[in-house]
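Each chain is listed here by its residues.
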Amino acid sequence: SGLVSWFDIEFSSLSNKIKYTTSPYGTKTQWKQMSFYFDKDIPVNKGDVIYGSIASRVNDEWDEMGGLDVKISYYLHSKKNNTNENIKGIQLYKIK
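Along each chain, residues carry numbers from 1 onward, in the same order as the chain's sequence is written. Side-chain atom pairs in this predicted model are given and counted only at pLDDT of 80 or more, local residue features only at pLDDT of at least 70, and totals for whole chains, interfaces and linings cover all residues. Excluded from the side-chain calculations are hydrogens and water; all other atoms, namely the structure's heavy atoms, are used.

Looking at this structure, I do not really get the overall build of the protein chain. What am I missing?
The number of helices and strands found in the protein chain is zero helices and seven strands. Put simply, DSSP marks the helices as runs of H or I at least four residues long and the strands as runs of E at least two long, and each gets a number from the N terminus on. What you see in the protein chain, going N to C, is helices and strands ordered as β-β-β-β-β-β-β. Overall size of the protein chain, expressed as C-alpha extent along the three principal axes, is 55 × 30 × 20 Å. A total of 96 residues make up the protein chain; the buried ones form 23% of that total. The contact definition used throughout considers only heavy atoms, calling two residues in contact when any of these lie within 4.5 Å. Summarising the internal contacts of the protein chain: among those between residues at least 6 apart in sequence, 44% fall at separations of at least 24. The classification of residues rests on relative accessible area computed with a 1.4 Å probe and restricted to protein chains. Under 20% of the type maximum is buried, over 50% is exposed, and intermediate values are partly exposed.

Would you explain the sheet that holds strand 5 (residues 49-58) in this entry?
Strands pair in a sheet through their backbones, by hydrogen bonds, and they do so in one of two ways: parallel or antiparallel. Only strands that DSSP links by at least two bridges are regarded as paired with each other. The three strands lie next to each other as 5-6-7, forming an open sheet whose pairing is antiparallel. In this open sheet, the two strands that pair with only one neighbour each are strand 5 and strand 7 (86-95). Taken over all neighbouring pairs, the strand axes of this sheet differ in orientation by 10° on average, direction set aside. As judged from the 10 bridges shared by strand 5 and strand 6 (residues 68-77), these two strands associate in the antiparallel manner. Bridge pairing links A55 to K71 in strand 6. To obtain each axis, a line is fitted to C-alpha atoms, and for helices this fit is confined to the stretch in contact; angles are then taken between N-to-C directions over 0 to 180 degrees.

Honestly, the side chain of T22 in this entry has me stumped. Any pointers?
By secondary structure assignment, the location of T22 is in the loop between strand 3 (18-21) and strand 4 (34-37). A polar atom in the side chain of T22 sits 2.8 Å from the backbone nitrogen of F7. Pairing of N or O atoms within 3.5 Å defines a polar contact, subject to two protein rules: one partner must be a possible hydrogen donor and the other a possible acceptor, and residues neighboring in sequence count only if both atoms are side-chain atoms.

Explain a nonpolar patch on the surface here, please?
A surface patch of nonpolar side chains, about 580 Å² in accessible area, is lined by F7, I9, F11, L14, I18, Y20 and W31. Taken together, the elements giving at least two residues each to the nonpolar patch come down to strand 2 (8-11) and strand 3. You can call W31 partly exposed: its relative accessible area is 38%. Candidate patch residues must exceed 30% relative accessible area and have no salt bridge, after which like charges are joined if within 9 Å and Val, Leu, Ile, Met, Phe, Trp or Tyr side chains if within 5 Å. Accessible surface is estimated by sampling points in the Shrake-Rupley manner with a 1.4 Å probe; for residues, cover comes only from the protein chains shown. Every case where a carboxyl oxygen of Asp or Glu lies within 4 Å of a side-chain nitrogen of Lys or Arg is listed as a salt bridge.

Is there a simple way to explain the nonpolar core in this structure?
When a protein is soluble and globular, its nonpolar side chains tend to lie buried together. For this analysis, a nonpolar core means a set of buried residues of the types Ala, Val, Leu, Ile, Met, Phe, Trp, Tyr and Cys, connected via side-chain atoms within 4.5 Å. F36, F38, I42, V70, I72, Y74, L76, I87, Y93 and I95 together form the largest nonpolar core, which totals 10 residues. Among the elements of the structure, strand 6 and strand 7 are those that each provide at least two residues to this core. For this core, the element with the most residues is strand 6, which contributes four residues. Beyond its immediate sequence surroundings of up to four residues, V70 is in contact with F36, I54, A55, S56, Q91, L92, Y93 and I95.

And the structure:
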């Protein structure tokens, strides 16, 4: 199990506004989408709802190139077999 993410960014305070997207539906750039695989499978069924957040921060302790620490928090509300099962978790990543 996992998530695929991308970002959109706009520099609107510049005299010539600049917009970038890494969406698979947008114009190709040097940046790409990112896959985040989970340590364990998360059963998701049609009708389930996933809530969550993605937080990132620069980690320049690795070397001069730096990197990112990413934290994905998720909460799954599953209606499987009308049990209203809830699954929550946190997954941490180090990206270089």
